[in-house]
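# Descriptive structure summary
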Amino acid sequence: MTRPNPNEVTKIGVIGTGVIGGAWALHFLRMGMEVVAYDPGPNSKEKLLAMVDHVWPTIEKLGLREGAGKQKLRFVDSLEDMVDCVEVIQESTPERLDAKQVLFAKLDAIAPPEVVIISSTSGFPMTDMASELQDNPGRFVVGHPFNPPYLMPFCEVCGGERTSQEVVDWTADFYEAIEKQVAKMDKELPGFIGNRLQEALWREALHMVKNKECSVEDIDKAIAYGPGLRWAIMGHCLTYHLGGGQGGMAHLLDHFEESLEAPWTRLKAPKLTQELKDDMVAGCLTQANGASINELIEERDDCLIRIMQTLDEYRKEKGIKR
């Protein structure tokens, strides 16, 4: 068999059907694909079916491709049953390096060589995960989504030292064909792009809570009603480009060059004491104001859909491509 063109994939395997893997399954179903799922965890089938039923109204709001439907999801009892009937595999198992190394070694041995194997890992470099591979390491690549993959339109693609460039390019094209904005990294980096940026913000937030400088609620307000609104439109760097006025980023860098050396942020993470954990949990529960996780998910998803639809309508109206 030969590898299909990225825009012609019709059958995809999903290994691990938790929060990320289940959300990937929903996205692939929305794209009209047949999804073959495998997860050895207890009650995994029942949990995924419940997730699909709960989220499907959101999937319908996003719009279904021709042929899309929940009936295209099926489960198998082993990896061997999966690998011979799919064209690409999306792995979303728990973040344990040793377990991923064992899993990838098995997949390398049993999956046909043309099947690209993509990991959803949020931080492990593919070079580390693929360290035990013997047969075909060139077809293993990272495809890190943002949660939930059925809704967030972004994915980072990053190969390891032994990943072929053809597979990196194929994977990026595959994601673009299923409506993802793709960042194709030039060099391997633990945590990739988005999580490293989020981690810097997260560490500073933990310091503020630890030092009783502000509340969890105030931190989230500062993002949701401040830079977060701007980030939804054009990201951090382009926003700063505007901050330089007519001189753009060049003027901003010249103007703020000295202040960039000022010790505003504390990027070394504070010790995660029980008190800090309790404060973070209490702050989030206060913000939730009695709403359940499912209610918050519904609010997040509905609001994200409206934001993305508004941005898309505006850009189409103005002929903006970004």
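Criteria and cut-off values
Residues numbered from 1 in each chain as written. Predicted model: local features only at pLDDT ≥ 70, side-chain atom pairs only at ≥ 80, totals over all residues. Heavy atoms only, no water. Phe/Tyr/Trp six-rings, centres within 6.5 Å; stacked < 30°, edge-to-face > 60°. Helix = DSSP H or I, 4+ residues; strand = E, 2+ residues; numbered from the N terminus. Buried < 20%, exposed > 50% of the residue type's maximum accessible area, 1.4 Å probe, protein only. Pairing = 2+ DSSP bridges. Axes fitted to C-alpha atoms, helices over the stretch in contact; angles between N-to-C directions. Contact = heavy atoms within 4.5 Å. Salt bridge = Lys/Arg side-chain N within 4 Å of Asp/Glu carboxyl O.

What follows deals with the packing of aromatic side chains. Throughout the structure, instances matching the rule amount to 7 aromatic pairs. An angle of 10 degrees between the planes, with centres 5.0 Å apart, marks the rings of W24 and F28 as stacked. With W24 and F28 both in helix α1 (residues 19-30) and 4 residues apart, this pair spans about one turn of that helix. The same class applies to W24 as to F28, namely buried. Summarising the aromatic geometry, the rings of F174 and Y175 are spaced 5.4 Å apart at their centres and angled 40 degrees between planes, so their arrangement reads as tilted. Residue classification places Y175 among the buried residues on the basis of a relative accessible area of 0%. Members of the aromatic cluster, each reached through a chain of ring pairs, are W24, F28, W170, F174 and Y175.

With that out of the way, let us pick up the environment of H255. With respect to the helices, strands and loops of the structure, H255 is situated in helix α10 (residues 248-255). C-alpha separation for the pair H255 and G244, spaced 11 residues apart in sequence, amounts to 8.2 Å.

Turning to the sheet that holds strand β6 (residues 140-145), a few remarks are in order. The strand order β3-β2-β1-β4-β5-β6-β7-β8 describes an open sheet built from 8 strands, whose pairing is mixed. Here the strands that pair on one side only, and so sit at the sheet edges, are β3 (73-75) and β8 (181-184). Direction aside, the axes of adjacent strands within the sheet are offset by 25 degrees on average. Each of β2 (34-38) and β3 touches helix α2 (residues 44-62); the most contacted strand, β3, lies at about 170 degrees to it. Lying over the sheet, helix α4 (residues 97-110) contacts β1 (11-15), β4 (88-91), β5 (116-119) and β6, oriented at roughly 170 degrees with respect to β4.

Tallied over the full model, the rule gives 15 salt bridges. Put simply, E179 and R30 hold a salt bridge, and the shortest N to O gap is 3.2 Å. Here E179, found in the loop between α6 (165-177) and β8, pairs with R30, found in helix α1; they are 149 residues apart in sequence, far enough to count as distant. A residue is classified by how much of its surface remains accessible, and E179, at 40% relative accessible area, is partly exposed. Given a relative accessible area of 8%, R30 falls into the buried group. With a closest N to O distance of 3.4 Å, E80 and K106 form a salt bridge. Here the residue E80 occupies a position in helix α3 (residues 79-83), and K106 occupies one in helix α4, the gap between them amounting to 26 residues. Residue E80 is classed as partly exposed on the basis of its relative accessible area of 39%.

These values are about where atoms sit, not about what they do.
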